[in-house]
Amino acid sequence: GSTMAAPFFMIEATKGWSNSGDNLTLFTASWSGRKPATGLENSLMSFSLVKYHKLAENQILAGLVAVDRAQRPDPENWYYLGGDQGMRGYPNELHPGDARWLTSLDYRYLTEQRWWGLVRLGYSVFMDLGSVRRMDGEGWSRTYADVGFGLRLGNLKSSIGRVILLSVAVPLNREPYQNRWQFSIGNTVRF
C-alpha cells in the first residue's frame, strides 16, 4: 500500500559473558531504519550494557547503561524519560527527544517466601539517572535522577520470567507540576 520505495533494515548483535556463577554481563547493539530516496529515516541506534552480580545467596546487584540515538524518527519512536522508559521517579513520556542516555542501579533481595507455588516475593532499592536531547530544539535536558524502593513479585510458572513491580520513587530534581512521590505498578523490566 505504500506510494514510495523505501527499503528497510534491522541489525542486532548481542553478547553475554560470565567469568563465574556469580556474574553475568550482557551487551546489545542494534540499528534499524529505512532508506527512501530522500535519505535515511527512522534510523534508531541503541547500545546497552547490563551487569548482574550475585552478592549473596538471595542478593543481586544489577546495573544498566543504555544509549539511544535516532535520526528523523517517526513520532511513535521518539525517546522519552519517565516511568515506562526507565526513570521510575518521573511520569511516563517526559520530554520527547531523538537521543537519550540512561543508567540504573538496583539492589535486589529475593526472599524464600513463595505463595501457592506461583509467586516469589522480593524487594528492591534503586537509583536512576538519565537525560534526553529534546525535540523542541532546546538541546539536552538536565540530568534527571530518582531513588526508590519496591516489591518484586516473580511469577515462578511463567515461561518468559515475568516480574510484577510495585515501586515508590522520589524524583531528586522534579518538574514544578510533578508530585513528590511516583507510584508505579507494572511488569516492564528493562533489566
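In what follows, the structure referred to is the one given above.
Residues numbered from 1 in each chain as written. Predicted model: local features only at pLDDT ≥ 70, side-chain atom pairs only at ≥ 80, totals over all residues. Heavy atoms only, no water.

Novice: An account of the overall build of the chain is requested, with residue identities and associated values reported.
Specialist: Across its full length, the chain holds zero helices and ten strands. Its helices and strands taken in sequence order, the chain reads β-β-β-β-β-β-β-β-β-β from the N to the C terminus. Dimensions of the chain along its principal axes, counting C-alpha atoms only, are 60 × 40 × 35 Å. Taken over 191 residues, the chain has a buried fraction of 38%. Pairs at least 24 apart in sequence give 52% of the contacts found in the chain among residues at least 6 apart. By element, 59% of the accessible surface of the chain is carried by carbon and sulfur atoms, the whole surface being about 11200 Å². The chain carries 21 positive and 17 negative side-chain charges, and their two centres are separated by 4 Å. (Helix = DSSP H or I, 4+ residues; strand = E, 2+ residues; numbered from the N terminus. Buried < 20%, exposed > 50% of the residue type's maximum accessible area, 1.4 Å probe, protein only. Contact = heavy atoms within 4.5 Å. Areas by Shrake-Rupley, 256 points an atom, 1.4 Å probe, with all protein chains shown as cover. Lys, Arg positive; Asp, Glu negative; His and termini not counted. Charge placed at Lys NZ, Arg CZ, Asp CG, Glu CD.)

Novice: Account for the packing of aromatic side chains, with residues named and values stated.
Specialist: As enumerated under the stated definition, the model contains two aromatic pairs in all. Ring geometry for Phe-9 against Trp-31: centres 4.8 Å apart, planes inclined by 70°, an arrangement best described as edge-to-face. Of this pair, Phe-9 sits in strand 1 (residues 8–17) while Trp-31 sits in strand 2 (residues 23–34), and the two are 22 residues apart along the sequence. Accessibility expressed as a relative area gives 23% for Phe-9, which makes it partly exposed. Relative accessible area serves as the criterion here: at 32%, Trp-31 is assigned to the partly exposed category. (Phe/Tyr/Trp six-rings, centres within 6.5 Å; stacked < 30°, edge-to-face > 60°.)

Novice: Which residues make up the layout of surface pockets, and what are the values?
Specialist: When its volume is computed, the second largest pocket comes out at roughly 180 Å³. As for the second largest pocket, its lining consists of Gly-21, Asp-22, Asn-23, Leu-24, Tyr-52, His-53, Lys-54, Ile-60, Arg-108, Arg-152 and Phe-191. Tallying contributions element by element places strand 3 (residues 41–56) first for the lining of the second largest pocket, with three residues. Taken together, the residues that form the lining of the second largest pocket break down as four nonpolar, three polar and four charged. (1 Å grid on protein atoms, 1.4 Å probe; cavity = no way out; pocket = protein on both sides within 12 Å on 5 of 7 lines; lining within 4 Å. Points joined across faces, edges and corners; volume = space filled by probe spheres on them. Nonpolar A, V, L, I, M, F, W, Y, C, P; charged D, E, K, R; others polar.)

Novice: Run through the pairing of strand 1, naming residues and quoting values.
Specialist: Here ten bridges tie strand 1 to strand 2, and the two strands are oriented antiparallel to one another. By the bridge assignment, Lys-15 is partnered in strand 2 with Phe-27. Between the end of strand 1 and the start of strand 2, which pair antiparallel, lie five residues. (Pairing = 2+ DSSP bridges.)

Novice: So what about a nonpolar patch on the surface? Which residues, and what values?
Specialist: A cluster of nonpolar residues, Leu-55, Leu-61, Leu-105, Tyr-107, Tyr-109, Tyr-123, Val-125, Met-127, Val-147, Phe-149, Leu-151 and Leu-172, forms a patch on the protein surface that exposes about 1000 Å² of accessible area. Mapped onto the nonpolar patch, the elements with two or more residues apiece are strand 6 (94–115), strand 7 (119–134) and strand 8 (144–155). Relative to the helices and strands, Tyr-107 is located in strand 6. (Patch = residues over 30% accessible without salt bridge, like charges linked within 9 Å, V, L, I, M, F, W, Y side chains within 5 Å. Salt bridge = Lys/Arg side-chain N within 4 Å of Asp/Glu carboxyl O.)

Novice: If you had to explain the environment of Gln-113 to someone new, which residues and values would you point to?
Specialist: Its place among the elements puts Gln-113 in strand 6. The exposure class assigned to Gln-113 is partly exposed, which follows from its relative accessible area of 38%. Setting aside residues no more than four positions away along its own chain, Gln-113 makes contact with Val-119, Arg-120 and Leu-121.

Novice: Tell me about the nonpolar core, residues and numbers included.
Specialist: Generally speaking, nonpolar side chains in soluble globular proteins are found buried as a group. Core analysis: the biggest nonpolar cluster contains twelve residues, these being Val-50, Ala-62, Leu-64, Ala-66, Leu-81, Met-87, Tyr-90, Leu-94, Leu-102, Val-132, Tyr-144 and Phe-191. Elements supplying a minimum of two residues to this core: strand 4 (59–71) and strand 6. Residue contributions to this core peak at three residues, all from strand 4. (Core = buried A, V, L, I, M, F, W, Y, C linked by side-chain atoms within 4.5 Å.)

Novice: Can you lay out the pairing of strand 2 for me, pointing to particular residues and giving the numbers?
Specialist: Within a regular strand, side chains alternate between the sheet's two faces. Pairing between strand 2 and strand 3: eleven bridges, direction antiparallel. Following the sheet pairing, Arg-34 is matched in strand 3 by Glu-41. Following strand 2, the chain reverses through six residues before pairing antiparallel with strand 3; Gly-39 in that reversal takes a positive phi of roughly 120°.

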